[in-house]
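Spelled out from the first residue to the last, the chains are:
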Amino acid sequence: AQSVTQLDSQVPVFEEAPVELRCNYSSSVSVYLFWYVQYPNQGLQLLLKYLSGSTLVKGINGFEAEFNKSQTSFHLRKPSVHISDTAEYFCAVSLSGGSNYKLTFGKGTLLTVNP
Amino acid sequence: GAVVSQHPSWVICKSGTSVKIECRSLDFQATTMFWYRQFPKQSLMLMATSNEGSKATYEQGVEKDKFLINHASLTLSTLTVTSAHPEDSSFYICSARVGGQVNTQYFGPGTRLTVL
């Protein structure tokens, strides 16, 4: 079975600073990787996903992530954050191929952007 | 595109009553829908996978008779919490898979259930 570890439960940063949210996964087979954002009392919004091809994936709101197979990581980055980026961020994996579409989520990282 | 709605957004009920939560895909057909439960400040836990026209597949530890799932059409899935108790209070989120988009789920806004 696959698993996801988000190494930081909380990340406080100042506005306009760069940020990296870390995600490591474990799986014996190939996986697809996702980052979702959740604003308070809302559902999840897809930020970006890695399915195949280029290991650097660009998403919405200026976020990007890099898939590193050797380190089994999929860290999320943004060069300059805004107050509005304050939210909970979830990394998730699913098995590639077949008909198993289940997502396994990490525990989430709360990003707090301070003025 | 790919909008998923949930109704109601929040509900308060008395212990012992049943509550139905609807999940709709508004602008696409969803062959597969998923139901998650999220406790405060925690991650999403998959409860069940719902395929249109067939019985839902429940995750280990989820009571089938307590959490009834029906996926009657390609745009609607419902979750009924039967004989609700305070420990069922949680944030319930559904998602829908878009056919042809590999492993991409679109999430609803969630339903906050409080059982008194």
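Higher on the page you've got the structure.
It should be emphasised that the depicted structure is a prediction, and the values quoted were computed from it without experimental measurement.

Quick notes on the rules
- Residues numbered from 1 in each chain as written.
- Chains lettered and ligands numbered in written order.
- Predicted model: local features only at pLDDT ≥ 70, side-chain atom pairs only at ≥ 80, totals over all residues.
- Heavy atoms only, no water.
- Helix = DSSP H or I, 4+ residues; strand = E, 2+ residues; numbered from the N terminus.
- Rg over C-alpha atoms; globule rule 2.2 N^0.38 Å.
- Buried < 20%, exposed > 50% of the residue type's maximum accessible area, 1.4 Å probe, protein only.
- Contact = heavy atoms within 4.5 Å.
- Areas by Shrake-Rupley, 256 points an atom, 1.4 Å probe, with all protein chains shown as cover.
- Lys, Arg positive; Asp, Glu negative; His and termini not counted.
- Charge placed at Lys NZ, Arg CZ, Asp CG, Glu CD.
- Pairing = 2+ DSSP bridges.
- Patch = residues over 30% accessible without salt bridge, like charges linked within 9 Å, V, L, I, M, F, W, Y side chains within 5 Å.
- Salt bridge = Lys/Arg side-chain N within 4 Å of Asp/Glu carboxyl O.
- Buried area = accessible area lost by both parts, 1.4 Å probe.
- Polar contact = N/O pair within 3.5 Å; in protein donor to acceptor, adjacent residues only side chain to side chain.
- Core = buried A, V, L, I, M, F, W, Y, C linked by side-chain atoms within 4.5 Å.

Trainee: Which parts of the structure should I look at to understand the overall build of chain B?
Mentor: If you tally the helices and strands in chain B, you get zero helices and 11 strands. Counting from the amino terminus, chain B carries its helices and strands in the arrangement β-β-β-β-β-β-β-β-β-β-β. For 116 residues, the compact-globule formula gives about 13 Å, and the C-alpha radius of gyration of chain B, at 13 Å, lands near that figure. With respect to the principal axes defined by its C-alpha atoms, chain B has extents near 40 × 25 × 20 Å. Put simply, chain B has 116 residues, and 52% of those count as buried. Relative to all contacts within chain B whose residues are 6 or more apart in sequence, the contacts with residues 24 or more apart total 55%. As displayed, chain B has an accessible area near 5600 Å², and 54% of this comes from carbon and sulfur atoms. Once the 10 positive and 8 negative side-chain charges of chain B are each reduced to a mean point, those two points are 3 Å apart.

Trainee: Explanation requested: the pairing of strand 10 (residues 87-95) of chain A in the structure shown.
Mentor: The two faces of a sheet get side chains in turn, since along a regular strand they alternate between them. Residues and elements named next belong to chain A. Burial runs high along strand 10: eight of the nine residues are buried. Pairing of strand 5 (residues 31-38) with strand 10 involves eight bridges; the strand directions are antiparallel. What sits directly across from Tyr32, in strand 10, is Ser94. As defined by bridge partners, strand 10 adjoins strand 12 (residues 109-114) across three bridges and the pair is classed as antiparallel. The residue of strand 12 that forms the bridge with Ala87 is Leu111. Judged from the two bridges that link them, strand 10 and strand 11 (residues 104-105) form a sheet pairing that is antiparallel. From the neighbouring strand, Val93 faces strand 11, where its bridge partner is Thr104.

Trainee: How should I be thinking about a nonpolar patch on the surface in this particular structure?
Mentor: On the surface, Trp10, Ile12 and Leu116 of chain B cluster together into a nonpolar patch covering about 390 Å² of accessible area. Within the secondary structure, Ile12 of chain B is located in strand 2 (residues 10-13).

Trainee: Help me understand the interface of chain B and chain A in this model?
Mentor: Interfaces are often sized by the accessible area lost when the parts come together. Each partner contributes to the interface: chain B provides 21 residues, whereas chain A provides 21 residues. Summed over both sides, the interface between chain B and chain A buries roughly 1700 Å², with carbon and sulfur atoms accounting for 55% of that surface. Linking Lys102 of chain A and Glu59 of chain B is a salt bridge whose minimum nitrogen-to-oxygen distance equals 2.9 Å. On the surface where chain B and chain A come into contact, there are five residue pairs in polar contact (both at pLDDT 80 or more). Within the residue set of the side of chain B that touches chain A, elements represented by two or more residues are strand 4 (30-38), strand 5 (44-51), strand 9 (90-98) and strand 10 (105-107) of chain B.

Trainee: Honestly, the nonpolar core in this entry has me stumped. Any pointers?
Mentor: Among soluble globular proteins, nonpolar side chains are generally buried collectively. With 27 residues, the main nonpolar core has Leu33, Trp35, Leu47, Leu48, Phe74, Leu76 and Tyr89 of chain A as its most contacted residues. At the level of secondary structure, the elements contributing two or more residues to this core comprise strand 2 (10-14), strand 3 (19-21), strand 5, strand 6 (44-50), strand 8 (64-68), strand 9 (73-78), strand 10 and strand 12 of chain A. Setting aside chain neighbours within four positions, we find Leu76 of chain A in contact with Val19, Glu20, Leu21, Trp35, Leu47, Leu48, Phe63, Glu64, Ala65 and Tyr89 of chain A. Of all hydrophobic cores here, the second largest spans 26 residues; its members include Val19, Tyr58, Ala96 and Leu113 of chain B.

Trainee: Which parts of the structure should I look at to understand the pattern of salt bridges?
Mentor: Side-chain pairs of opposite charge can arise whenever the charged atoms involved come near each other. Residues and elements named next belong to chain A. One pass over the structure, following the stated rule, counts nine salt bridges over all chains. Among the ionic pairs, Lys58 bridges to Glu64, the shortest N-O distance being 2.9 Å. One salt-bridge network, held together by shared partners, links Glu20, Lys58, Glu64, Glu66 and Arg77.

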